[in-house]
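Residue-level structure breakdown
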Amino acid sequence: MSAVNPFTFSAAFITFFSVVGPPKVLLAFGGLAQVHPAGQLRTIALISSGAAVAVGIVAGGTAPWLLDVFHISTPALQLAGGVIFFLYAVGLVLGLHLGSDGPRQDAPDTASGVRELLMPYVVSPLAMTAVLIEAAARDGFGWRSTVVGAYVAVIALDLVCVLFLAALLRRAHHATIELFGRLLGLLLAAVGVDLFLDGLSELGVPGLDRH
């Protein structure tokens, strides 16, 4: 995942739309819509989106210092993000709900719904990797605010889509959600591998010229 170039809001928006946009987020909420009532699903969407925005603001605003304090290089971040995202995607393919507390309860509550969204949405490995890399790609508060603004705009779009499509998600058959989840998992596993290869390329591994 290369740094946004040119450094514009639209380019940053497209980057975040591709890693945490509605096509991926709606599927995560689709599973919750099968077991949570409409009002509770809206509450979960609002809380998780607010948490995602807060995490994104902190990560984007402090990216250079975070990477410096923990002595993390961009390639190392890409490698770690790729591995974590790949493992999550494999879980989707195999029908495993990584990060959850086990089988869903008969009467799931708001807290359980938010917990299920921690990995794919609130602290999405791919999204957080993108935020840190893009925010640290250029010095200056102006650019970091542009990156954070683009990320927040995508989260807001996700929230609007979930709220408007909640009824449709609830009517979708569980088997359909599972089918699309496993298909998306296969695609996301490839994204995780690609991110990992980008990290190796940045480290100068021979035969991995990705540019």
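Residues numbered from 1 in each chain as written. Predicted model: local features only at pLDDT ≥ 70, side-chain atom pairs only at ≥ 80, totals over all residues. Heavy atoms only, no water.

Focus on the overall build of the chain
To keep it simple, the criterion reads: In this description a helix means any DSSP run of H or I spanning at least four residues, a strand means any run of E spanning at least two, and both kinds are numbered starting from the N terminus. Relative accessibility thresholds used throughout: buried, under 20% of the residue-type maximum; exposed, over 50%; partly exposed, between the two (1.4 Å probe, protein chains only). Pairs of residues are marked as contacts when any of their non-hydrogen atoms sit within 4.5 Å. In short, Shrake-Rupley with a 1.4 Å probe defines the accessible areas, and a residue's cover is counted only from the protein chains shown.
Tallying secondary structure elements over the chain gives 10 helices and 0 strands in all. When the helices and strands of the chain are listed from N to C terminus, the series reads α-α-α-α-α-α-α-α-α-α. Counting over 211 residues, the chain shows a buried share of 43%. Within the chain, counting contacts between residues at least 6 apart in sequence, those at least 24 apart form 83% of the total. On the chain, roughly 10,400 Å² of surface is accessible, and the fraction owed to carbon and sulfur atoms is 70%.

What about the nonpolar core?
For clarity, the cut-off: To define a nonpolar core, start from buried Ala, Val, Leu, Ile, Met, Phe, Trp, Tyr and Cys residues and group those joined through side-chain atoms within 4.5 Å.
If you look at the biggest cluster of nonpolar residues, it comprises 46 residues, and the most contacted ones within it are F16, V19, V20, F29, Y121, Y151 and I155. In terms of residue count, helix α9 (residues 141–171) provides more of this core than any other element does, 11 residues in total.

Brief notes about helix α3 (residues 38–61)
Short version of the rule: Helices are assigned an expected span. That span is 1.5 Å times one less than the residue count.
The terminal C-alpha atoms of α3 lie 34 Å apart, and with 24 residues this matches the ideal 34 Å at 1.5 Å per residue to within 8%. What α3 keeps buried is the set Q40, L41, I44, A45, S48, S49, A52, V53, G56, A59 and G60. Tucked inside the fold, the buried residues of α3 contact α2 (22–33), α4 (63–69), α6 (110–116), α7 (118–122), α8 (125–135) and α9.

Things to note about a nonpolar patch on the surface
The condition that has to hold: Patches in this entry comprise residues that are over 30% relatively accessible and not in a salt bridge; like charges within 9 Å are linked, as are nonpolar side chains (Val, Leu, Ile, Met, Phe, Trp, Tyr) within 5 Å. A carboxyl oxygen of Asp or Glu within 4 Å of a side-chain nitrogen of Lys or Arg is what we treat as a salt bridge.
A contiguous nonpolar surface patch, about 570 Å² in accessible area, is contributed by L46, V160, L163, F164, L165 and L168. With 5 residues, the single largest contributor to the nonpolar patch is α9.

Examining the packing of aromatic side chains
Counted only if it meets this: Stacked, tilted and edge-to-face pairs are distinguished by plane angle, under 30 degrees for stacked and over 60 for edge-to-face with tilted covering the rest, among Phe, Tyr and Trp rings (Trp via its six-membered ring) whose centres lie within 6.5 Å.
This model, assessed by the stated rule, comprises 4 aromatic pairs. Plain terms: the ring middles of F16 and Y151 are 5.6 Å apart, the flat faces sit at 80 degrees to each other, and that makes the pair edge-to-face. Highlighted residues: F16 in helix α1 (residues 9–20) and Y151 in helix α9, separated in sequence by 135 residues. Residues F16 and Y151 agree in their burial class; the two are buried. Aromatic ring contacts, followed pair by pair, group F9, F13 and F17 into a single cluster.

What to know about the side chain of H36
How we decide: Any pair of nitrogen or oxygen atoms within 3.5 Å is treated as a polar contact; in protein, a donor-acceptor pairing is required on top of that, and neighbouring residues in sequence qualify only through side-chain atoms on both sides.
Along the chain, H36 falls in the loop between α2 and α3. H36 sits in the buried class, given a relative accessible area of 1%. In terms of polar contacts, H36 uses its side chain to reach the side chain of Q40, at 2.5 Å.

Some points on the environment of I72
Relative to the elements of secondary structure, I72 occurs in the loop between α4 and α5 (74–94). Classification of I72 by relative accessible area gives partly exposed; the value is 34%. If sequence neighbours within four positions are ignored, I72 has contacts with L67 and L77.

Considering the confidence of the model for the chain
This is how the line gets drawn: The predictor rates its confidence in each residue with pLDDT, a number between 0 and 100.
When the pLDDT values of the chain are averaged, the result is 80; 82% of them are 70 or greater. Of all helices and strands in the chain, the one with the weakest mean pLDDT is helix α10 (residues 174–202) (72), whereas α3 scores best (94). With pLDDT under 50 throughout, residues 1–7 is counted as low confidence; its partners more than four residues away or in other chains account for 20 contacts. A low-confidence stretch, residues 100–105 stays under pLDDT 50, and its non-local contacts, those more than four residues away or across chains, total 8 contacts.

Let's talk about the packing of α1 against α9
Here is the rule: For helices, the fitted line uses only the C-alpha atoms of the stretch in contact; every axis is such a line through C-alpha atoms, and the angle between N-to-C directions lies from 0 to 180 degrees. An angle counts as roughly parallel when it lies under 35 degrees, as roughly antiparallel when it exceeds 145, as roughly perpendicular when it falls between 65 and 115, and as oblique in every other case. Left-handed is the label given to a crossing in which the near helix is rotated counterclockwise from the far helix by less than a right angle, and right-handed is the label when the rotation is clockwise. In this count, Pro and Cys sit with the nonpolar residues alongside Ala, Val, Leu, Ile, Met, Phe, Trp and Tyr, while Asp, Glu, Lys and Arg are called charged and the others, Gly among them, polar.
At a minimum axis separation of 8 Å, α1 and α9 run at an interaxial angle of 45 degrees. Taken as axis vectors, α1 and α9 run oblique relative to one another. Handedness of the crossing formed by α1 with α9: right-handed. Two secondary-structure elements touch here, α1 through F9, A12, F13, F16, F17 and V20 and α9 through W143, T146, V147, G149, A150, Y151, A153, V154, I155, L157 and D158. Of the residues assigned to the contact of α1 with α9, the class counts are 14 nonpolar, 2 polar and 1 charged.

Some thoughts on the packing of α1 against α2
The interhelical angle for the contact between α1 and α2, taken along N-to-C directions, is 30 degrees, at an axis separation of 5 Å. One way to sum up the angle between α1 and α2 is to call them roughly parallel. Here F17, S18, V19 and V20 of α1 come into contact with α2, specifically with P22, P23, K24 and V25.

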